[in-house]
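One-letter residues, chain by chain:
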Amino acid sequence: MNAPLPASLLTHYLATRAASAAIVDGLSAEDCALQSMPDASPLKWHLAHTSWFFETFVLERALPDYRHFDPLFRVLFNSYYVAVGERHPRPERGLLSRQPLAQVLRYRAHVDERMQALLTGSTVPDACRELVTLGIHHEQQHQELMLTDFKHLLSRNPAFPAFRPAHVATSTPAQPLGWRPYSGGQHAMGNAGAGFAFDNEGPRHRVFLEPYELANRLVTNGEWLAFIEDGGYRRQELWLSEGWDIARREGWQAPLYWLPPGSSRNGGWQHFTLQGLTPLADAALAAPVCHVSFYEADAYARWADARLPTEAEWEAAASACAIEGNFAEAGALRPLPAQPAQDGRPAQFFGDVWEWTSSSYAPYPGFRAAPGAVGEYNGKFMVNQYVLRGGSFATPRSHIRASYRNFFPAPARWQFIGVRLARSLELTAA
């Protein structure tokens, strides 16, 4: 964690907590209690766990006389912190009916009251302030997970209900696919120390890149439809062996939440969004494809005579771009078609959808996890995952930066993940 901290930590804390509460505004207790698969969690669990984080890592340490709202919550809402103690099984989070939404909301109010008193005090230790900042960014991560998990839950309902009403979609054509070359060479990679960063974003170190080029925008739904129509899901030569086996076993024929013609109420392709079931036509065809696994992204790239970028290539290019895009604050609740970049740089580096890279999630040279339970935050997951970059339409703007490293296992599809293409360039003789 890096200084300086936000100008008003309390303001940042309260705004983040309010944003989480806004996600469940208008939803029923049933909406917030259900769990659709082991990898997803009920909304009320997210609300409780983010409060648990502040209670466990801040209030318990900073206030010797702190009294827990409910001692059982220490077990029920612990996620993966082995050093803290016992944990309720993740696949059974939807079975906690006797910890109703109303009680979870009282728990949040209890934690907020004591956090507000702590943060308005005259002597808040630096270590405590750093943990609060970490907790804020942790809660922002869960805000995105609340939307990904709830979308999966709604998709299991044959009525395909909407989370929020749809905005009026404008018919925006896709920008022509183009390429931006990069000369390669030596680059500094990782967080430079200005502002907050997670521990996995450092230490800053040097990398050497061969010449390459990146697509000027993300792959669109329309382009993915062409991949499907060209037999992309039936051509084993495009696929990594493990991906091919999983795709056959799971019956993948399109991105998650796509419904082929004849399987829904309308004749053409449909896709389920947070705004309900909508036709995959017009503006939707120009929008970035979403909900594809690493295996699908890799197969598409091979079909397109390209590849996925490494995270070093992505960061070297994105570091020169302003952090602008379609983020959670815009309220679009979906990826949007690319707008032409004013300076000629590629568009959509930030927001819309996370971007798969070809890089395995591994520690940077010199990385060391923090001691104690907080050190479990990132380091112990550095195996069998791939790095995602850039954020999505569900990511808060203040949460993202060019050095940010998200990570998911290769088969993951329920997260808001899409694709940017890369190509290697020949090294020209001097």
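Before reading further, recall that the structure is shown in the block above.
The present account deals with the structure reproduced in this document.

## Focus: the overall build of the protein
- When helices and strands are counted, the protein shows 11 helices and 14 strands.
- Its C-alpha atoms give the protein a radius of gyration of 22 Å, within 12% of the compact-globule value 22 Å for 430 residues.
- For the protein, the C-alpha atoms occupy an extent of roughly 65 × 60 × 40 Å along the three principal directions.
- Carbon and sulfur atoms make up 54% of the accessible area of the protein, which totals about 18800 Å².
- Of the charged side chains in the protein, 38 are positive and 42 negative, and the gap between their average positions amounts to 2 Å.

## Brief notes about the sheet that holds strand β14 (residues 422–424)
- Ordered in space as β1-β4-β14, the three strands form an open sheet in which the pairing is antiparallel. Bordering the open sheet on either side are β1 (179–182) and β14, each of which pairs with just one other strand. Taking the axes of each pair of neighbouring strands and ignoring which way they run, one obtains an average angle of 25° across the sheet.
- In this sheet, β14 lies alongside strand β4 (residues 212–215) in antiparallel orientation, the contact comprising three bridges. When the sheet's bridge partners are listed, Glu-213 is paired in β14 with Arg-423.
- Taken strand by strand, helix α11 (residues 311–318) contacts β1, β4 and β14, and its axis lies near 75° from that of β4.

## So, helix α6 (residues 126–155)
- With 30 residues, α6 extends 44 Å from end C-alpha to end C-alpha; this agrees with the ideal 44 Å at 1.5 Å per step.
- Burial analysis of α6 places 24 of its 30 residues in the buried class, the great majority of the element.

## Looking at the sheet that holds strand β5 (residues 258–259)
- In space, the three strands of this open sheet follow the order β5-β6-β7, with antiparallel pairing throughout. One side of each edge strand has no neighbouring strand; the edge strands of this open sheet are β5 and β7 (276–279).

## Concerning helix α1 (residues 9–24)
- Counted at 1.5 Å a residue, the expected span for α1 with its 16 residues is 22 Å, and the 24 Å between its end C-alpha atoms agrees.
- Those residues of α1 that sit buried are Leu-9, Leu-10, His-12, Tyr-13, Thr-16, Arg-17, Ser-20, Ile-23 and Val-24.
- Among the structural elements, α2 (29–33), α3 (43–62), α5 (101–119) and α6 are those in contact with the buried residues of α1.
- Phi for Gly-26, located one or two positions after α1, is positive at around 85°.

## Section: the packing of aromatic side chains
- For the structure shown, the criterion picks out 39 aromatic pairs.
- Ring plane angle 70° and centroid distance 5.4 Å describe the contact between Phe-227 and Trp-303, whose orientation is recorded as edge-to-face. Here Phe-227, found in helix α7 (residues 221–229), pairs with Trp-303, found in helix α10 (residues 294–303); they are 76 residues apart in sequence, far enough to count as distant.
- On the basis of relative accessible area, Phe-227 is assigned to the buried category, the value being 0%.
- Using a relative accessible area of 26% as the deciding quantity, one classes Trp-303 as partly exposed.
- With 4.0 Å between their ring centres and 5° between their planes, Tyr-361 and Phe-407 make a pair best called stacked. Of this pair, Tyr-361 sits in the loop between β10 (354–360) and β11 (386–389) while Phe-407 sits in strand β12 (residues 406–408), placing them 46 residues apart in sequence.
- Counting every residue linked through ring pairs, the aromatic cluster contains Tyr-13, Trp-52, Phe-53, Phe-54, Phe-57, Tyr-80, Tyr-81, Tyr-361, Phe-381 and Phe-407.
- Arg-420 extends its terminal NZ or CZ atom over the ring of Phe-349, reaching a point 4.3 Å from the ring centre.

## Overview of the pairing of strand β6 (residues 270–273)
- Residues Gln-270 and Phe-272 line one face of β6 and the alternating positions His-271 and Thr-273 line the opposite face, and both faces are buried.
- Where β5 and β6 come together, two bridges link them in antiparallel fashion. Bridging across to β6, Trp-258 finds its partner in His-271.
- In terms of strand pairing, β6 meets β7 through four bridges, oriented antiparallel. Bridge pairing in β7 places Phe-272 opposite Leu-277.
- Hairpin connection of β6 to β7: two residues between the antiparallel strands.

Quick notes on the rules
Residues numbered from 1 in each chain as written. Predicted model: local features only at pLDDT ≥ 70, side-chain atom pairs only at ≥ 80, totals over all residues. Heavy atoms only, no water. Helix = DSSP H or I, 4+ residues; strand = E, 2+ residues; numbered from the N terminus. Rg over C-alpha atoms; globule rule 2.2 N^0.38 Å. Areas by Shrake-Rupley, 256 points an atom, 1.4 Å probe, with all protein chains shown as cover. Lys, Arg positive; Asp, Glu negative; His and termini not counted. Charge placed at Lys NZ, Arg CZ, Asp CG, Glu CD. Pairing = 2+ DSSP bridges. Axes fitted to C-alpha atoms, helices over the stretch in contact; angles between N-to-C directions. Contact = heavy atoms within 4.5 Å. Expected span 1.5 Å × (residues − 1). Buried < 20%, exposed > 50% of the residue type's maximum accessible area, 1.4 Å probe, protein only. Phe/Tyr/Trp six-rings, centres within 6.5 Å; stacked < 30°, edge-to-face > 60°. Lys NZ or Arg CZ within 6 Å of the ring centre and 35° of its normal.

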